[in-house]
Amino acid sequence: MMKQRFRTSAIALTALFGFFVGSWLGCSPALADKRVALVIGNSAYKSAPKLGNPVNDAALIGGMLKKSGFDTVDVRQDLNAPEMRKALREFGARTRDADVAIVYYAGHGLEVDGTNYLIPIDAALETDTDVYDEAIPIDRVLVSIEPAKQLRLVILDACRDNPFSKTMKRTVASRAIGRGLAKVEPTSPNTVIAFAAKAGSTASDGDFRNSPFAVALADHLPKPGLDLRKAFGFVRDDVLKATGYKQEPYVYGSLGGDDVPLVPAKPAGVAGPQANPQDSIRRDYELALQAGLREAWEAFLEAYPDGFYANLARVQLKKIAAEEDRMAATEKARLAEQDKVRLAAERAQKAELEKAAAVAKAAEDARIAAEKQKQIEQAKAEAAERERKAAEAAAAKALAEKQAVEKAAAEAKTKQAAEKQAAEAESKRVAALSPPPNSPPPADLPRSVQLELRRVGCMKVEAGTEWSETAQRSLTLFNKYAGTKFNAKLADVDVLDALKAKPGRVCPLVCDRGFKADGDACVKITCRAGYRINDDNECEKVQDKKPVVTREDSRKRDAGRKQIEAAPAKPQASGQIICNSAGCRPLKPGCRMTNRMAGQSTVGQVEECN
């Protein structure tokens, strides 16, 4: 875990350094004329278990800084307290004429009463007061980089669990010894301090070759044009997800308002490489391949159970199983051979020797078979690895071809859109210069509108050349049944176009009782002999009345007749038919048709019921 933790910090420094220094050098050539760095990795602690990561990561980060063009890169490993103070003193002298100064530290750290300390390898820290004499305060590191003119960057990978705090004796009960490191707020401008985990918490080394923090930094900080602050936001999100929301990286300090990307954005019009969704799976596969352990491949298959790389991982597991079988068979053969020698030395009987020889031979045969199986699985694994590399190369080629096709299509689409816009602009210009071909002269427009109103059944009188009140009422009827909202006081081209768009009658045809609608005309209803028109304006058979002889009290008959004569007359169905946009139907019993008035003019007919 400590090894993975240190690799996390190493990659974090790589990304951070690339970001800050790349920003200063890429954005302003006058900056970062001289760049210096101090890298310290403490692993071989004398009073605590040895750490596996810091020394290796210090060598990795030192080499990265040298390849990045730093003027001076001082890599120190396993320093005691005097050596750490001397290294910081010498580094402070080099920063006096430097523009960029970076200090990277990997090892144990400790927070006492709100102050952070870096722990040399010879520190014993038997009591809480020993930290003042045996450890290096973080302020001493900040003093060493303070002379730098442009950028001061400190990266601390010292957020791991500290073994000294568990054995350290407390001389004062109120003295606080924190978990992890304490929050730091730089007082000088352009000074940034990066922690692998938020103040007061510890960082995870992860289960693979690189920690979640290192993987996230490597994924986001090198993105072209991505500002540092936003990149660290993506790093934070990835690390939180990878650690089950237990670890949160943090950066203290501030920069200016301009975007400072690690990799400058490419000029406009240059298509950049598209992210391959298989990159993260491929990286994890290569990490498991480097580990070469069954646990690593099982963890990989748990994370990615399906797909091309999952099949490759299963091939690698078969290879490991074959090796384990070979080793087991070899051990069994060795034990059998030992038994054979022992039996011979003890002058065992011939049968026992033969039996032991048979067992040894069987074990040897099994070993040979296991060896052959291992070679077969090794060949399969190598073939699968070659197939993987070929597939990745093919995918990269296909992606490049796809990008080229998309770029050509985008350029063609842009050109086509420009040509279309030019054609539309020319068409509009020509249309604005020439009048509509079928538009009637303004003097004939009212008559044309009235003719169309007669055609759709909204006007009964003959069309005139003036836009009269009758024409206005007819247009109002058209608005009602066609669902339009034209101004009835004005006859314009839009009204004429809307009327011409109607293929048939719009306003309903209303017929009197005894007549029915037939197309655009009312025709008389003719019933055959013995039938008559009823209240629903339909033909019904006439019922013959038979005389009925009854005897009843004349006084009762006279009273009933008087009562009927005194009662008001019941409304009778007229037999008329009313038509609207839904169709034509007879008037309901007890209803009559009345004219609807607008002022002193009739604008339509409606059904009125008691």
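Before reading on, note that the structure itself is shown above.
Computed from a predicted model, the values in this text were never measured in an experiment.

**Student:** Help me understand the overall build of the protein, please; the structure alone is not making it clear to me.
**Tutor:** Of regular secondary structure, the protein possesses 16 helices and 17 strands. The buried share among the 610 residues of the protein stands at 37%. Working note: accessible area of the protein is about 35200 Å², and carbon and sulfur atoms make up 53% of it.

**Student:** Is there a simple way to think about the pairing of strand β8 (residues 191–195) in this case?
**Tutor:** One face of the sheet, then the other: side chains in a regular strand alternate in exactly this way. Among the 5 residues of β8, 5 are classified as buried, and the element is accordingly described as predominantly covered. Burial of the side chains of β8 extends over both faces: T191, I193 and F195 are buried on one face and V192 and A194 on the other. Pairing of strand β7 (residues 151–157) with β8 involves 5 bridges; the strand directions are parallel. When the sheet's bridge partners are listed, L153 is paired in β8 with V192. Bridge count between β8 and strand β9 (residues 250–253): 4 bridges; the pairing is antiparallel. Among the inter-strand pairings, F195 is bridged to a residue of β9, identified as Y250.

**Student:** Where do I start with the sheet that holds strand β4 (residues 109–112) in this structure?
**Tutor:** What holds strands together in a sheet is hydrogen bonding between their backbones, with the strands either parallel or antiparallel. The antiparallel open sheet is built from 3 strands, whose spatial order is β4-β5-β6. Each end of this open sheet is capped by a strand with a single partner; those strands are β4 and β6 (136–137). Relative to β6, strand β5 (residues 115–118) runs antiparallel, the two being bridged by 2 bridges. Across the sheet, residue Y117 finds its bridge partner in β6, namely P137.

**Student:** What is the right way to look at the packing of helix α9 (residues 279–291) against helix α11 (residues 308–345) in this model?
**Tutor:** One can describe the packing of α9 onto α11 by two numbers: an axis separation of 11 Å at closest approach and a directional angle of 5°. Considered as vectors, α9 and α11 are oriented roughly parallel to each other. Together, I281, R282, Y285 and L289 of α9 and Y309, L312, A313 and Q316 of α11 make up the contact between the two elements. Of the residues contributing to the contact of α9 with α11, the split by class is 6 nonpolar, 1 polar and 1 charged.

**Student:** Is there a simple way to explain the pattern of salt bridges in this structure?
**Tutor:** When their charged atoms lie close together, side chains carrying opposite charge are able to pair. Tallying each qualifying case throughout the model produces 25 salt bridges. For the salt bridge of R76 with E90, the shortest nitrogen-to-oxygen distance reads 3.2 Å. Here R76, found in strand β2 (residues 72–77), pairs with E90, found in helix α3 (residues 81–94); they are 14 residues apart in sequence, far enough to count as distant. Accessibility expressed as a relative area gives 29% for E90, which makes it partly exposed.

Calculation notes
Residues numbered from 1 in each chain as written. Predicted model: local features only at pLDDT ≥ 70, side-chain atom pairs only at ≥ 80, totals over all residues. Heavy atoms only, no water. Helix = DSSP H or I, 4+ residues; strand = E, 2+ residues; numbered from the N terminus. Buried < 20%, exposed > 50% of the residue type's maximum accessible area, 1.4 Å probe, protein only. Areas by Shrake-Rupley, 256 points an atom, 1.4 Å probe, with all protein chains shown as cover. Pairing = 2+ DSSP bridges. Axes fitted to C-alpha atoms, helices over the stretch in contact; angles between N-to-C directions. Parallel < 35°, antiparallel > 145°, perpendicular 65-115°, else oblique. Contact = heavy atoms within 4.5 Å. Nonpolar A, V, L, I, M, F, W, Y, C, P; charged D, E, K, R; others polar. Salt bridge = Lys/Arg side-chain N within 4 Å of Asp/Glu carboxyl O.

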